Amino acid sequence: CNNIHKISKTQMIYRQVLKNSKSNNQLHVDQGVGVIPIIIFSARFVIDERKQPALVLSSPRKAPNRRIYRKFGSHRFLDVQVSRDIKDTYLEKLVTMDLWIAERRWSFLWSKKCESPQVYVFFAEEGQGIGCAERISAQDVLNWCIPKTFNPGISVEKLDKRMKLSFSTTIPSGVLPPNSLSKVDDIVSDSGDIMTDGCGLISAEALDFIWIHFKRYECFSN
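Note that the coordinates shown come from a computational prediction; the quantities given were computed from them, not determined experimentally.

Engineer: Talk me through the overall build of the protein chain; I want residue IDs and the actual numbers.
Structural biologist: Summing up its helical and strand segments, the protein chain has 7 helices and 7 strands in all. Considering only contacts in the protein chain between residues 6 or more positions apart, those separated by 24 or more positions represent 62%. When the accessible area of the protein chain is evaluated, it comes to approximately 14,600 Å², of which 53% is carbon and sulfur surface.

Structure, rendered in structure tokens:
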């Protein structure tokens, strides 16, 4: 905690680290390692004076509350900003190379589309502060976000859109008890169009469960 405080220079983040470490077993959210995301790392991909690619690290910043951060820990994600004028050959090298930063091995996970700069997200698979039991590949993280068994033959465009949901800012509302969900077929029109497309029904009991845990999490995080 002291090391994180020295890096972040933010008392609020430090308080959240302490709160998280003391109460991690009291509020189970998303079956992950951290109830409250703490910090996230970022960098800029540039071409230096010698025409060589380089990463310029930025100061750590407070992490937004995202499900993927609560699951794996926000400190294992690195956002790399890349200008649109960077050549594709440099980008290919960036996303395929063995990237070691701060004694951690980072692998490319996903590219977030935007105007400029474009953001390439990397994940720390192993290294400093990551125990043997916590080692996981970027590909396994991708499979957790979008399980292949439920998404056979998914297109690159749709995968990109669904990955974006994993990085949306969210507020958790508890983990539903076993056997709470049942799969039903979509409603299909006479012309063959799917009318529901993933929508469903929810019971009053489930709504009460979500509301109670939502309020509990908000009280805990504040």
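From this point, the narrative continues.
Engineer: Can you lay out unusual backbone geometry for me, pointing to particular residues and giving the numbers?
Structural biologist: Of note in the backbone geometry, Ala 102 takes a positive phi value of approximately 55 degrees without being a glycine. With respect to the helices and strands, the residue Ala 102 is situated in the loop between strand E5 (99-101) and strand E6 (104-112). Looking at Ala 102, the relative accessible area reads 62%, which means it is exposed.

Engineer: Give a detailed account of helix H6 (residues 156-166), specifying residues and quantitative values.
Structural biologist: Those residues of H6 that sit buried are Asp 160, Met 163 and Ser 166. For H6, the angular spread of buried residues about the axis comes to 105 degrees, placing them on one side. Of the exposed residues in H6, the ones pointing more than 90 degrees away from its buried face are Glu 157, Lys 161, Lys 164 and Leu 165. Residues of H6 that are buried in the fold lie against helix H3 (67-72), E6 and helix H5 (138-145).

Engineer: If you had to explain H5 to someone new, which residues and values would you point to?
Structural biologist: Within H5, the full set of buried residues consists of Ala 138, Val 141, Leu 142 and Cys 145. The buried residues of H5 occupy one face: seen down the axis, they fall within an arc of 100 degrees. Close packing links the buried residues of H5 with H3, E6, strand E7 (118-127) and H6.

Engineer: Outline the side chain of Arg 70, listing residues and values.
Structural biologist: Of note, Arg 70 is situated in helix H3. Residue classification places Arg 70 among the buried residues on the basis of a relative accessible area of 2%. At 3.1 Å, the side chain of Arg 70 forms a polar contact with the side chain of Thr 170.

Engineer: Quick rundown of the pairing of E7? Include the residues and the values.
Structural biologist: Most of E7 sits inside the fold, with 8 of its 10 residues counted as buried. Direction of pairing for strand E4 (residues 77-82) relative to E7: antiparallel, over a ladder of 6 bridges. By the bridge assignment for E7, Val 80 is matched with Tyr 120. Across 8 bridges, the pairing between E6 and E7 is antiparallel.

Engineer: Explain the environment of Ser 168 residue by residue, including any values.
Structural biologist: Relative to the helices and strands, Ser 168 is located in the loop between H6 and helix H7 (204-221). Through-space distance from the C-alpha of Ser 168 to that of Asn 65 is 8.2 Å; in sequence the pair is 103 residues apart. Each residue touching Ser 168, except ones within four places of it in the same chain, is listed here: Asn 65, Arg 66 and Arg 67. Side-chain polar atoms of Ser 168 contact the backbone oxygen of Lys 164, separated by 3.2 Å.

Engineer: Lay out the environment of Lys 161 in plain terms, naming residues and giving numbers.
Structural biologist: The residue Lys 161 is located in helix H6 in this model. Each C-alpha atom, one on Lys 161 and one on Lys 112, is 9.4 Å from the other, the two residues being 49 residues apart in sequence.

Engineer: How would you explain the pattern of salt bridges if you had to name every residue and give the values?
Structural biologist: Per the stated rule, a full pass over the model turns up 5 salt bridges. For the salt bridge of Arg 61 with Asp 79, the shortest nitrogen-to-oxygen distance reads 3.3 Å. You can see Arg 61 sitting in strand E3 (residues 61-62) and its partner Asp 79 sitting in strand E4, a full 18 residues away along the chain. In this structure, Arg 105 and Glu 126 form a salt bridge, with 2.8 Å as the shortest nitrogen-oxygen distance. Within this pair, whereas Arg 105 is found in strand E6, its partner Glu 126 is found in strand E7, the two being separated by 21 residues in sequence.

What counts, and where the lines are drawn
- Residue positions are counted from 1 within each chain, in the order its sequence is given.
- Selection of residues for local features in this predicted model requires a pLDDT of at least 70, selection of side-chain atom pairs for listing and counting requires 80 or more, and totals for whole chains, interfaces and linings are taken over all residues.
- No hydrogens and no water enter the side-chain calculation; it runs on all heavy atoms of the structure.
- Runs of E in the DSSP output that reach at least two residues are strands. Runs of H or I that reach at least four are helices, and both are numbered from the N terminus.
- Here, residues are in contact when the closest pair of their heavy atoms is within 4.5 Å.
- A 1.4 Å probe and the Shrake-Rupley method give the accessible areas. Residues count as covered only by the protein chains that appear here.
- For each residue, the accessible area found with a 1.4 Å probe, counting protein chains only, is set against the maximum for its type, and the residue is called buried under 20%, exposed over 50%, and partly exposed in between.
- The arc in question is the one spanned by the directions pointing from the helix axis to the C-beta atoms.
- N or O atoms within 3.5 Å of each other form a polar contact, as long as, within protein, one can give a hydrogen and the other can take it, and as long as residues adjacent in sequence are counted only when both atoms are side-chain atoms.
- Here, any two strands with at least 2 DSSP bridges between them count as paired.
- Only one rule defines a salt bridge in this text: a Lys or Arg side-chain nitrogen within 4 Å of an Asp or Glu carboxyl oxygen.

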